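The primary structure of each chain is shown beneath.
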Amino acid sequence: MTGAVILDSFSAALTDPAQAPPEGLMTWNGSDVAQRFAVYRNNVVVSLTGALAARYPVVKTLVGETFFAGMARVYVSSAPPTSVIMATYGTDFPDFIARFAPAACLPYLADVARLESARVVAWHSADATVLTGTDFAAVPPERLADLVVTLHPGAVVIASRHAIVSLWQAHQHGEPDEDALAAIDTDRPESALVVRPDDDVLVYALPPGAAIALTALSQGRPLGEAIMEAGAATPDFEPSAFLALLVSSGVVSALALLGDRQ
């Protein structure tokens, strides 16, 4: 076998306990190859499970250590790393959770994972200029509707049918209070904005319609169009509150007017 084939076979066997050790492996002291390889395989799985736990601590707390370890082991066997940068590992873990039948009794779990994953994305995003109220005030009022907004490169909007922000916030100050957790209506829709305007990753619970407007802005559509779409879909949408959010959250990194962009 070629070196590439041997390497592929070795990598596949590392995360799949059903596979036998690759052919040609030897131990220096003549000990059992299968046993030694099983130990190495377990160490790899434990390390990758630890990487997932570091990225998804709230998910781990919500399901418990034993359940999380079992779920992670199934994921690891189907999704080995494709990069040496462990910060990128587990990006699609939320989608896996959504398909993982044993987690179906917690329908909010995948979206909580998406929120946690977005925080990692925001943390590693590029630095960018953060615009202030002064920048917005320089736009002529009659041209506000034509404003094209560039969002911070690490900004992520997550719209959920579940109370993902409340669940996440309940786990940010040590052990969560069980009574407080029980009081959360997990079926209450919540949307989140995750952004890192400076050195800290921030999570905002979005007011009604804001997720729709932010998504429209992220697609390069003008502010007036984004506000109209949000208002049509959400009767409680408040344009003034949305404009205040754009300024206070630090989510905007550039402004332009329709017809002025190059």
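Residues numbered from 1 in each chain as written. Predicted model: local features only at pLDDT ≥ 70, side-chain atom pairs only at ≥ 80, totals over all residues. Heavy atoms only, no water.

Regarding the overall build of the protein chain
The helix and strand tally for the protein chain stands at 12 helices and five strands. In the protein chain, which comprises 262 residues, the share counted as buried stands at 39%. Counting only contacts in the protein chain whose residues sit at least 6 apart along the sequence, the fraction spanning at least 24 positions is 69%. Put simply, the protein chain shows about 14000 Å² of open surface, and 57% of that area lies on carbon and sulfur atoms. (Helix = DSSP H or I, 4+ residues; strand = E, 2+ residues; numbered from the N terminus. Buried < 20%, exposed > 50% of the residue type's maximum accessible area, 1.4 Å probe, protein only. Contact = heavy atoms within 4.5 Å. Areas by Shrake-Rupley, 256 points an atom, 1.4 Å probe, with all protein chains shown as cover.)

Observations concerning the sheet that holds strand β2 (residues 156-160)
The three strands lie next to each other as β2-β3-β4, forming an open sheet whose pairing is antiparallel. Single-partner strands in this sheet number two, and they are β2 and β4 (202-205). Sheet twist, expressed as the mean angle between neighbouring strand axes with direction ignored, is 20 degrees. Across five bridges, β2 lies against strand β3 (residues 190-195) in antiparallel orientation. Paired with V156 across the two strands is V194, which belongs to β3. Strands in contact with helix α6 (residues 109-123) are β2, β3 and β4; relative to β3, the strand with the most contacts, it is inclined by about 15 degrees. (Pairing = 2+ DSSP bridges. Axes fitted to C-alpha atoms, helices over the stretch in contact; angles between N-to-C directions.)

What to know about the pattern of salt bridges
On inspection of all chains with the given rule, the structure shows seven salt bridges. D146 is the salt-bridge partner of R143, the closest N and O atoms lying 3.1 Å from each other. Judged by relative accessible area, R143 falls into the partly exposed class, the value being 25%. For E225, the salt bridge is made with R221, and the minimal N-O distance between the two is 2.9 Å. Taking relative accessible area as the criterion, E225 reaches 38% and is therefore assigned partly exposed. With relative accessibility at 23%, the residue R221 sits in the partly exposed group. The network of salt bridges with shared partners includes D95, D111 and R114. (Salt bridge = Lys/Arg side-chain N within 4 Å of Asp/Glu carboxyl O.)

Description of α6
Between its first and last C-alpha, α6 extends 21 Å over 15 residues, near the 21 Å set by a 1.5 Å rise per residue. Burial runs high along α6: 11 of the 15 residues are buried. For α6, the set of buried residues is L109, A110, D111, V112, A113, L115, E116, S117, A118, V120 and A122. (Expected span 1.5 Å × (residues − 1).)

Focus on the packing of aromatic side chains
All told, the structure shown has nine aromatic pairs when counted by the stated rule. With 6.1 Å between their ring centres and 75 degrees between their planes, F67 and F100 make a pair best called edge-to-face. Of this pair, F67 sits in helix α4 (residues 65-78) while F100 is found in the loop between α5 (93-99) and α6, placing the two residues 33 residues apart along the sequence. F67 gets classed as partly exposed once you look at its relative accessible area, which sits at 30%. Connected via pairs of aromatic rings, a cluster forms that spans Y56, F67, F68, Y75, Y89, F93, F96 and F100. (Phe/Tyr/Trp six-rings, centres within 6.5 Å; stacked < 30°, edge-to-face > 60°.)

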